[in-house]
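Coordinate analysis (summary)
Residues per chain, in single letters:
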Amino acid sequence: MKLIKFTKKGIYCIPGNFYLDPWYPVDYAVISHGHADHSRPGNKHYLCHNDSKAIIKHRIGQDISIESLGYNEPKNINGVQVRFFPAGHVIGSAQIRLEYKGFVVVFSGDYKTQPDFISTPYEPVKCHEFITESTFGLPIYKWKEEKELQTELQNWVLQNQKNNRTSVFLGYSLGKAQRIMKLIEGVDDVYVHTAIHNLNTAISGSGIELPETTLLKYDFKKADLQNKIVIMPPGLLGSKLLKKIPNAATAICSGWMHIRGNRRWKGVDAGFAISDHADWDGLLAAVKATEAEKVYVTHGSQAVFSKYLNEIGIEAHELKTEFGEDELAQSEEVKTETA
Amino acid sequence: MKDFSNLISAIEITNKTNAKIDALVDYFKIAPDKDKLWLIALFTGKRPSRPVKSNLMKSWVMEITKLPEWLFLESYSSVGDLGETLALLLPNPEHTIEKPLHIWIDELSDLKPKSDEEKKEYVLESWNGLEAQERLIFNKLIGGSFRIGVSKKTLVNALAKLSGIDANQLMHSIIGNWTPNTISFDDLLNGEHINYDNSKPYPFCLAYSLEKELEDLGETNEWQVEYKWDGIRGQIIKRKEEVFIWSRGEELVTEQFPELVAAVSQLVGSFVIDGEILAIKDSTVLLFNDLQKRLNRKNVTKKLLEDVPVGLYIYDILEVDDVDLRRSSMEERRSKLENLFEQNTSDILKLSEVINFNNWDELDALRNAARSFNSEGLMLKKKSSIYHVGRKKGDWWKWKVDPLTIDAVMIYAQKGSGRRSSKYTDYTFAVRKEDKLVTVAKAYSGLTDVEITEISKWVNKNAIEKFGPVRTVKAELVFEIAFEGIAYSKRHKSGVALRFPRMKRWRRDKTVKDIDTIESVKALIDAS
Ligand SMILES: [Zn+2]
Ligand SMILES: [Zn+2]
């Protein structure tokens, strides 16, 4: 019998009678991580990694029915063994491993193979079938190492300070914000937008240590902020709050910034190619490491990546997703946060 | 090339013109003279001829990366620039090569006559010694144009800041006839190769938007009223048989308009005139959209000259036979202008018509009718006014037509090209016709990058049908569409044709229930 089925509501585990990152409300949702395109509201029951629990409760509601596991900790649901493995995407992100009668399926959720020193590093998991994301599934995407990114970001801040400008980073509140905090740790005081601050509080509450930041109060004093560092969600680009920041130099941190044409979008001063998704080599290495007989590709460049996998002798199929792009859901996130 | 590469990074890491100027000045302070000359040459479109065909470069990259061609093409279509695609696909370099910019350029020009094998060896060796950004520059040196968001004006302002030399003179110098191998940096800046006395422009006199009632302007006979045109405001200089055309952005655009140069050259005497460069075909002024096809072209082809001929509507005269007329009144200048052009008539050079009117009430109707022949409205100039430097309130007013607008829903979206190749930028809009939707316009401008990004994501999620590059989307997003004119049309399914439609704003507050009907759109024809 088949272990999983692709339905309109999302990936369904047949014998286990639960869904993985469902798009519409279901009775039992096993969640890979806290991003809004993966953990949707309205499910009757949630299962996630320990580090995601506070994040999901913070975003969806304190009163939801939710339980959590550590990495590699087994849980039996209707005869199906569920285990989480680190995905290296954001804090608490997990690949979901399902085992039933010796048959193993791994759902990657979102992942990146390069360590970011803030989320638990990605670990490859062997399986029969692998469902992989493919946000940056083109060979043009090749990320720089964390060390190099650190130098780039810190130099930009120092250059701004020389020119008497305040450095404003725009990055999603879950994942990107904490990564930026880590990359620029120690350069100068870091102020974060309420949305990020609240999330940080939730994360810290579950015992994870984050670099020190200060809440950016709405009535901040301009003099306090001058030449400092601010992190806010990208939805605030063009907002009154951003305009109030004295002499702001703005930067977007996103994998899309790898392409020069995207960096040159006139909305911001700088673009840094910092992504929480795997690059081309990362995707390929991850797929190969699973030794899977069959690969399902979702979330981004599914057509291109699955075609290429088939050409190099790995059976692959294209999967459509309701919430195609990560950014889409994250823009929803920003809306609800700023509301 | 490190310094040059750092300069490019510094320029790209800001959208503030002043920061770009500072970065250029810093570079000019440290770079060798030959490199500076080449930078100016590259940024002003004077690039050496291509030594290696792009197809060869593409095949080498495919060989190195072992990628199938379809995947290469997917990558290219996502990046939108070949030189950049090649740079991104190549594996990381294994060693470091550091040579100044001009050496690279010399080596590349030596490469031109060599065999493909020799070219390959040189290019692969270079790729392997350059990091991503330098590699991109290297590829650009070989082929594509160097577009990095530095206008001639920005470059000139940097050189002016560096040297203290007048910016307009520098503009003439860098546009002038020179090559990096035949002039020194100092001689270029000092304009040894040009005669600036011949090209020196005057600052433009500019108008404010009308902000009072016409009646408050005083007597009608104190005013000269003309049509306002949406082209390129230009200052045309003819001195000592040399002709120069300056744009209002203080750029020399002489070479872009050969027919104007020819027409002006035939006129007698020395003079400086102020006018509007317009696309004019069969005595009809075309829209700015058409004129745009003529702008910033490296080559003005014969076909382009035929398809979009330009002419000049002359507004004013600032100098005749070396005498500065700017302190004379508008009335005096106008009569000088009429004298000069009484003997010198031409199809390409026309005097801007002075509108006859008796009382202020007549003007509103004239203004609204202006749209029908692609005029933007009216200009009101006080007859006693001198030709001011820049903007001065009270003497010159512009009074534009109100734009026509409708609310329509997006039904198709298509990806853009070039730097916007990853986003949906071109949309098709429909209005309601009974219980159906009917297409009325296609538009591709007027939104912010942030909005385009958001809409692109929405399109990805809401595409109902793929048809080549076109996505049919759920009829949900409503936009206010502005346009310059509207007429009945048998060629269009909707029965109407909009002239120069553009997105004025995204109406997030409206739903598909709120859009215009074809009847309400047609009603605009009768009203306009
Ligand atoms: Zn995610
Ligand atoms: Zn995602």
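All of the points below concern the structure found in this document. It should be emphasised that the depicted structure is a prediction, and the values quoted were computed from it without experimental measurement.

Some remarks on helix α14 (residues 258–265) of chain B
Residues and elements named next belong to chain B. Looking only at α14, the buried set comprises E259, L260, A263 and V264. The buried residues of α14 occupy an angular sector of 130° when projected down its axis, which confines them to one face. Those residues of α14 that are buried lie in contact with β4 (232–239), β5 (242–247), β6 (271–281), α16 (302–307), β8 (310–320) and β10 (349–351).

Regarding the interface of chain B and chain A
Each side of the interface is counted separately: chain B has 37 residues, and chain A has 35 residues. Around 3,100 Å² of area is buried between chain B and chain A when both sides are counted, 55% of it from carbon and sulfur atoms. If you look at where chain B meets chain A, you find two salt bridges. Put simply, E12(B) and R260(A) hold a salt bridge, and the shortest N to O gap is 2.8 Å. Put simply, chain B and chain A have six residue pairs in polar contact (both at pLDDT 80 or more) between them. Sort the elements by how many residues they give to the side of chain B that touches chain A and helix α19 (residues 449–462) of chain B lands first, with eight residues. Within the side of chain B that touches chain A, the residues separate by chemical class into 14 nonpolar, ten polar and 13 charged.

Description of the coordination of the zinc ion (ligand 1)
Residues and elements named next belong to chain A. Looking at the zinc ion (ligand 1), one finds its protein donor set to be H33 (NE2), H35 (ND1), H89 (NE2) and D110 (OD), positioned 2.1 to 2.2 Å from the metal centre. One can describe the donor arrangement at the zinc ion (ligand 1) as irregular, given that its four donor atoms subtend angles of 91 to 165° at the metal. Sequence positions of the donors to the zinc ion (ligand 1) reduce to the motif H-x1-H-x53-H-x20-D. Overall, H35 belongs to the buried group, its relative accessible area being 2%.

Let's talk about the sheet that holds strand β5 (residues 45–49) of chain A
Residue and element names in this part refer to chain A. In spatial order, the strands read β1-β2-β3-β4-β5-β6; together these six strands make up an open sheet with mixed pairing. Each edge of the sheet is formed by a strand with only one pairing partner; in this case those strands are β1 (4–7) and β6 (66–69). The average angle at which neighbouring strand axes cross in this sheet is 30°, direction not considered. Packed on one face of the sheet, helix α1 (residues 50–60) meets β5 and β6 and runs near 135° to β5.

Here's the deal with α1(A)
Residue and element names in this part refer to chain A. When α1 is considered as a whole, its buried residues turn out to be D51, S52, I55 and I56. Taken down its axis, α1 places every buried residue within 115° of arc, on the same side. Those residues of α1 that are buried lie in contact with β5, β6 and α4 (194–205). Among the residues trailing α1, G61 stands out with phi positive, at a value near 155°.

The rules behind each value
- Residues numbered from 1 in each chain as written.
- Chains lettered and ligands numbered in written order.
- Predicted model: local features only at pLDDT ≥ 70, side-chain atom pairs only at ≥ 80, totals over all residues.
- Heavy atoms only, no water.
- Buried < 20%, exposed > 50% of the residue type's maximum accessible area, 1.4 Å probe, protein only.
- Helix = DSSP H or I, 4+ residues; strand = E, 2+ residues; numbered from the N terminus.
- Arc of directions from axis to C-beta.
- Contact = heavy atoms within 4.5 Å.
- Buried area = accessible area lost by both parts, 1.4 Å probe.
- Salt bridge = Lys/Arg side-chain N within 4 Å of Asp/Glu carboxyl O.
- Polar contact = N/O pair within 3.5 Å; in protein donor to acceptor, adjacent residues only side chain to side chain.
- Nonpolar A, V, L, I, M, F, W, Y, C, P; charged D, E, K, R; others polar.
- Donors = N, O, S within 2.8 Å, 3.2 Å for Na, K, Ca; no water.
- Tetrahedral: all angles 85-135°; square planar, octahedral: opposite > 155°, others 65-115°.
- Pairing = 2+ DSSP bridges.
- Axes fitted to C-alpha atoms, helices over the stretch in contact; angles between N-to-C directions.

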